[in-house]
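A closer look at the structure
Chain residues, written in single-letter form:
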Amino acid sequence: MPVVRFAPSPTGYLHVGGARTCLFNWLYARSTGSKFILRIEDTDLTRSKKEYLDEILDSLKWMGLDWDELYHQSERFDLYREHAQKLLEEGKAYKDGEAIIYKVKDDTAIRFFDVLHGEIKIEADHIKDQVLLKSDGSPAYNFCCVVDDASMGLTHIIRGDDHIANTPKQILIYEALGFKVPKFVHIPMILGEDKSRLSKRHGATAISDYRKQGVLPEALVNYLALLGWNPGTERELFTLPELVKTFSLKRVNKTAAVFDNEKLGWVNGEYIKKLDSDKLVALLLPLLKDKGYIDDNIDQPWLIGLVNLYKTRFNNLNRFVELTGFFFNDEIEYDQESEQKYLVPEITDALEAFKNKLITADTFDVSTIETTTRALVEELNIKSGELIHPLRVALTGGTVSPGIFEVIYYLGKDKVIMRLDKVITKLRAV
Ligand code: GLU
């Protein structure tokens, strides 16, 4: 059975590149019925932190990726020592103090097959002797990686091409230990928009950052899949099960991919639009609570209505919270320019008349609000914009919102009257 693995080091959070490597391995495994191993490379006991490990596992689960077996290298030091000892006994390695070093023979040519890049040949002359075990007894990455990959039966090593320089060194170890060399698939790096390798300088790179920003896991997984893989068609939206059906290593790109935040936003927006409103509300509830906007007594149907009203207007969950702040927070911030332009003394009477119509109207629903507004516009002999723009600024603080009648409805009569009163008082005081 083919076996693949993802081998993160818990010396930092799971970043976009690692997550994509994991996804490609996972997709390969799930689409071919192979085994998928998660191997924690925590040999650096000082830099590895439980906090990072927890975050990595949590992020993977959040993305919907599971594993068949889990190993920790920190629990396998005996195995590495045994193999180093063997090379020592066979005269293939020597000791330098407590450290065990592999002796690289000159003029060996190393060949390996890379599924994406074809055959790669390297002269061993350039490769220095390789540390197997450091003097503190901990194994070097290139050594324990091979011991594990071989003893876990790995058939395909799918990893970032930043490891391509390690591969010849690892092959020397495979050969020295008499292990079968697996196939390698070195996938191209992810670059930032300036075409340099994606790093913290480019902003968020940790999966947990995207999660905090309100990116849906389905959207992030979809976007990551497209970063370095293409379905061979124009299609861009794939759920995880659809990816399992469509994914193949043959369609992994050979050139680096550029991380495009705008594209991720678009994908996320598409998933938000597709999500059931009650599921979306369930995701938004904790964010709104966190902001102190709502508590457990929130009127669910009202909130579902509000979410539907905004569904096409936000492409991450936090953006919804930003956009709808004025529904919850009475201390709305007025955009100065809009205020100066639209909340002028000449409009005061119209706002007042509108307010009175609302007070006397016996129903309060979107269509009554609309008829009331249109009737008033006619009565005052003004253009509808002359009333609607000032109303929008008075009620929302700015000039951009969904339809004003819906906004009025979702604000509710009391809030609308209160806000109009405030504006009217202020205008009259000028
Ligand atoms: N722990 C290594 C890393 O995080 C794994 C490299 C590999 O896949 O061999 O880069």
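Heads up: the structure comes first, above all this text.
Residues numbered from 1 in each chain as written. Predicted model: local features only at pLDDT ≥ 70, side-chain atom pairs only at ≥ 80, totals over all residues. Heavy atoms only, no water.

1. Here's the deal with the overall build of the chain
Regarding its fold elements, the chain presents 19 helices and 12 strands. In terms of C-alpha radius of gyration, the chain reaches 30 Å, well past the compact-globule figure of 22 Å for 430 residues. Structurally, the chain occupies a C-alpha span of about 100 × 45 × 35 Å along its principal axes. Every one of the 430 residues in the chain was classed for burial, and the buried ones make up 50%. Taking as baseline every contact in the chain between residues at least 6 positions apart, the subset at least 24 positions apart corresponds to 74%. The chain carries 56 positive and 65 negative side-chain charges, and their two centres are separated by 4 Å. (Helix = DSSP H or I, 4+ residues; strand = E, 2+ residues; numbered from the N terminus. Rg over C-alpha atoms; globule rule 2.2 N^0.38 Å. Buried < 20%, exposed > 50% of the residue type's maximum accessible area, 1.4 Å probe, protein only. Contact = heavy atoms within 4.5 Å. Lys, Arg positive; Asp, Glu negative; His and termini not counted. Charge placed at Lys NZ, Arg CZ, Asp CG, Glu CD.)

2. So, the packing of aromatic side chains
Here the structure, examined in full by the defined rule, presents 17 aromatic pairs. Considering the side-chain rings of F77 and Y80, the 6.2 Å spacing of their centres and the 55° angle between planes classify their relative orientation as tilted. With F77 and Y80 both in helix α3 (residues 77-89), this residue pair falls three residues apart, about one helical turn. Centroid distance Y293 to F328: 5.1 Å. Interplanar angle 10°. Geometry classified as stacked. Taken together, the residues span a long stretch of sequence, with Y293 in the loop between α10 (277-290) and α11 (300-310) and F328 in helix α13 (residues 325-328) at a distance of 35 residues. Each of the two residues, Y293 as well as F328, counts as buried. Taken together, the ring pairs connect Y293, W302, F328, F364, Y409 and Y410 into an aromatic cluster. In this structure, K274 is placed above the aromatic ring of Y271, and the distance from its NZ or CZ to the ring centre is 4.7 Å. (Phe/Tyr/Trp six-rings, centres within 6.5 Å; stacked < 30°, edge-to-face > 60°. Lys NZ or Arg CZ within 6 Å of the ring centre and 35° of its normal.)

3. With respect to the pairing of strand β5 (residues 99-102)
Here β5 shows no split at all, with A99 and I101 on one side and I100 and Y102 on the other all buried. Across four bridges, the pairing between strand β4 (residues 93-96) and β5 is antiparallel. Each bridged residue has a counterpart across the sheet, and for D96 the counterpart in β5 is A99. Counting the residues in the hairpin turn of β4 and β5 gives two residues, including G97, whose phi is positive at 65°. As judged from the three bridges shared by β5 and strand β8 (residues 130-133), these two strands associate in the antiparallel manner. By the bridge assignment for β8, I101 is matched with V131. (Pairing = 2+ DSSP bridges.)

4. Some points on the sheet that holds strand β3 (residues 69-72)
Strand order across the open sheet formed by three strands is β1-β2-β3, with parallel pairing between neighbours. Two strands close off the open sheet at either side, each with one partner strand: β1 (3-6) and β3. Between one strand axis and the next, the sheet turns by 25° as a mean value, whatever way the strands run. Looking at chain direction, strand β2 (residues 35-40) and β3 are connected through four bridges and run parallel. If you follow R39 over to β3, its bridge partner there is Y71. (Axes fitted to C-alpha atoms, helices over the stretch in contact; angles between N-to-C directions.)

5. Observations concerning the pairing of β2
Across the six residues that make up β2, a large majority, five, are buried. On the question of chirality, the crossover connecting β1 to the parallel β2 by way of helix α1 (residues 16-32) is right-handed. Considered for its hand, the β-α-β crossover made up of β2, helix α2 (residues 50-63) and β3 is right-handed. (Right-handed = clockwise from strand over helix to strand, strands pointing away.)

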